[in-house]
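Fold and contact review
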Amino acid sequence: MNTFQGYRRPNGEVGIRNHLLLIPTVICANQVVNRISQLVGDTVAIPHQHGCSQIGADKDRTFDVLAGTGKNPNVGGVIIISLGCEVIDPTALAEAIRVTGKKIEVFDIQSIGGSVKAIQHGAELARKMRAELDQEQKVAIPFNELKVGVKCGGSDATSGLASNPALGVAADSLIAEGGGIVISETTEIIGAEHVLAERCRTPEVSDKLYYIVDRFEKEVERMGADMRGGNPSPGNIAGGLTTIEEKSLGCISKCGTAPIEGIVEYAEFIPANGLYFMDSPGNDIECVSGMAAGGVHIVCFTTGRGTPTGAAVVPVIKITGNKKMYERMTDNMDVDVSELLDGTLSMEAAGERIWQEIQEVSNGKQTKAEILGHNEFSINRIGPSL
Amino acid sequence: MAEHIHSGAEALVMDGKDHVATAIQDLQAGSTISIMKQGLLSELFVVETIPFGHKIAIEAIEEGTSVRKYGEVIGRATVLIPQGTHVHVHNVEGIRGRGDRAGSDQSAEAKGAKQV
């Protein structure tokens with residue numbers, strides 16, 4: 001069986017990276033977290049704007065994204081840094097992550113006596129935990145335990161013609177190995193949902209797909225504006241995409257041809273095998289952060305306009321079908337499939353090129369986004385700040 | 001969907017039902033180009049300059065027509081679009097996600113079309 005070298009976690013899950021993650025429960029702890037990350041190398045900080053003055057489903061969403069990011073199997077250890085009076089409960093967050101059996105520490109800035117002491121305490125914890133994590137050994141893992149998210153961003157016409165269908169071929173290769181694929185971006189199936197609905201495993205899954213699209217479209221209607229200009233974005237339009245329907249129809253090929261087994265909510269845990277749909281906005285960073293919180297190991301990201309997007313705890317593989325952009329932005333692109341458009345590369349070979357890259361990145365190869373330190377993180381909001 | 005993209009064309013038609021081809025080079029006004037449709041090359045006269053990645057009408061598209069690409073509806077023609085001209089935001093509007101039309105007859109019509 002085809003295998004890669006990864007980390008076997010205490011709960012049986014596998015990681016392809018061994019991150020030490022520093023989570024601020026609230027924006028007020030961001031600076032302390034950033035300073036600890038500067039002091040101790042090979043740590044990942046996820047500063048964010050949220051964690052207080054939130055209620056209900058909006059508060060739950062922030063909690064779920066923070067907990068899911070901590071639970072992601074690419075994370076070997078977690079330090080939670082709280083202010084001490086915020087809405088997100090640091091103890092509950094620690095408990096939610098602790099079920100995975102990974103190393104976890106939690107403290108708050110108010111009890112410890114301010115920023116300087118908190119930075120010192122956090123840095124000492126981080127140094128010890130990093131040293132322990134570095135002792136862990138990789139083992140052989142079969143590819144049927146790999147979960148990959150598929151995403152497109154900064155799309156142009158080459159996305160629908162070349163990079164998305166090529167990624168779909170690679171997605172089918174992982175499914176054939178027994179692995180899992182997740183597609184999301186509810187906004188970007190508007191106008192193409194009938195095509196995906198036909199591929200849902202059961203009528204219940206199909207009904208839920210229509211339901212989440214309707215829910216999203218009602219939110220757009222509530223804003224009282226044409227979504228064109230927001231999505232498709234000005235850059236999408238400059239690249240030749242005219243309507244959200246056209247963009248959506250070009251988007252959906254990136255998940256391959258497998259049946260859709262189920263629909264998960266934003267940041268919800270994604271079951272291991274087969275193809276799933278996650279309800280999420282099209283916004284690149286919110287979407288990738290939601291998939292990472294759902295437990296994917298890698299995100300494959302197609303782009304025609306070009307974007308540097310990375311993610312905090314998962315490698316992001318950037319794929320393009322736009323030759324001119326590839327030559328301009330080679331710094332940010334991992335896989336070029338633009339020869340598809342001049343007829344010198346078959347769709348099958350383009351898909352194989354992406355599948356090879358997925359295997360190499362699983363085995364430890366650094367993506368361009370990782371090398372450049374692109375560890376973007378963002379939490380989707382569904383309510384107002386109080 | 002484009003399983004195999006062949007060389008020798010300047011624009012690609014993704015499905016037999018489509019009204020448009022996508023330019024895979026910049027297309028110059030007054031030139032005659034080759035378009036690829038279902039594995040067959042044919043010629044098309046370019047009436048106005050079309051940038052790389054943008055769409056060209058492969059036939060005249062009447063006002064109000066549901067415009068197709070990938071064999072599916074990508075929007076509605078707001079004016080008559082002559083053959084060989086640029087198909088984009090100036091002559092095609094989206095039917096979906098139209099909060100600006102929420103509650104109007106056109107919005108209700110769009111919802112009705114959703115299950116097609």
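Note that the structure is predicted; figures quoted are calculated from it, not measured.

To continue, consider the interface of chain B and chain A. Each partner contributes residues to the interface: chain B has 39 residues there, and chain A has 41 residues. Here chain B packs against chain A, burying approximately 3200 Å² in sum over the two surfaces, 54% of which is carbon and sulfur. Ionic pairing is found between Glu193(A) and Arg96(B), a salt bridge with its closest N-O pair at 2.7 Å. Along the contact surface separating chain B from chain A lie 20 residue pairs in polar contact (both at pLDDT 80 or more). If you list the elements that add at least two residues to the side of chain B that touches chain A, you get strand 7 (72-77), strand 9 (92-93) and helix 1 (105-113) of chain B. When residues in the side of chain B that touches chain A are grouped by element, the largest group, four residues, is from strand 7 of chain B. Of the residues assigned to the side of chain B that touches chain A, the class counts are 16 nonpolar, 12 polar and 11 charged.

Turning our eyes to something else, we now look at the sheet that holds strand 3 (residues 19-24) of chain A. Residue and element names in this part refer to chain A. Sheet architecture is open: four strands sit in the order 4-3-5-6, paired in parallel fashion. The open sheet has two edge strands, strand 4 (44-45) and strand 6 (103-108), and neither has a second partner. By the bridge criterion, two bridges tie strand 3 to strand 4 in an arrangement that is parallel. By the bridge assignment, Leu 22 is partnered in strand 4 with Ala 45. On the sheet, helix 1 (residues 30-39) packs against strand 3, strand 4, strand 5 (75-82) and strand 6 and is oriented at approximately 160 degrees with respect to strand 3. Of the strands in this sheet, strand 3 and strand 5 are in contact with helix 2 (residues 56-71), which crosses strand 3 at around 165 degrees.

The next point concerns the nonpolar core. Residue and element names in this part refer to chain A. Counting residues in each nonpolar core, the largest one holds 69 residues, and the members touching the most others are Phe 277, Val 337, Ile 354 and Ile 358. Here this core takes seven residues from helix 6 (residues 157-177), the largest share from any one element. Beyond its immediate sequence surroundings of up to four residues, Ile 358 is in contact with Leu 146, Val 148, Ala 170, Ile 298, Cys 300 and Ile 317. Counting 37 residues, the second-largest nonpolar core is a separate cluster that includes Ile 23, Ile 97, Val 296 and Ala 312.

The next subject is the confidence of the model for chain B. Close inspection of predicted coordinates is inappropriate in any region flagged by low pLDDT. Of the residues in chain B, 82% reach a pLDDT of 70 or more, and the chain-wide mean stands at 86. Taken as a whole, residues 106-116 of chain B scores under 50 in pLDDT and shows 18 contacts with residues more than four places along the chain or in a different chain.

What follows concerns unusual backbone geometry. Omega for the peptide link from Asn231(A) to Pro232(A) comes to 0 degrees, which places this bond in the cis form. With respect to the helices and strands, Pro232(A) occurs in the loop between helix 8 (203-222) and helix 9 (234-238). One non-glycine residue, Gln38(B), lies in positive phi territory at about 50 degrees. Mapped onto the fold, Gln38(B) is located in the loop between strand 3 (32-37) and strand 4 (40-45). Look at Gln38(B) and you get exposed, because its relative accessible area is 62%.

Residues and elements named next belong to chain A. Strands sit in the order 10-11-9-8-12-13-14 across an open sheet of seven strands; the sheet is parallel. At either end of the open sheet lies a strand with only one pairing partner, and these are strand 10 (260-264) and strand 14 (335-336). Note: strand 13 (residues 316-320) against strand 14, two bridges, orientation parallel. For Ile 319, the partnering residue across the bridge sits in strand 14 and is Val 335. The strands touched by helix 11 (residues 284-293) are strand 8 (147-152), strand 9 (180-183), strand 11 (274-278), strand 12 (298-302) and strand 13; relative to strand 8, the strand with the most contacts, the crossing angle is about 170 degrees.

About the thresholds
Residues numbered from 1 in each chain as written. Chains lettered and ligands numbered in written order. Predicted model: local features only at pLDDT ≥ 70, side-chain atom pairs only at ≥ 80, totals over all residues. Heavy atoms only, no water. Contact = heavy atoms within 4.5 Å. Buried area = accessible area lost by both parts, 1.4 Å probe. Salt bridge = Lys/Arg side-chain N within 4 Å of Asp/Glu carboxyl O. Polar contact = N/O pair within 3.5 Å; in protein donor to acceptor, adjacent residues only side chain to side chain. Helix = DSSP H or I, 4+ residues; strand = E, 2+ residues; numbered from the N terminus. Nonpolar A, V, L, I, M, F, W, Y, C, P; charged D, E, K, R; others polar. Pairing = 2+ DSSP bridges. Axes fitted to C-alpha atoms, helices over the stretch in contact; angles between N-to-C directions. Core = buried A, V, L, I, M, F, W, Y, C linked by side-chain atoms within 4.5 Å. Buried < 20%, exposed > 50% of the residue type's maximum accessible area, 1.4 Å probe, protein only. pLDDT = per-residue confidence, 0-100.

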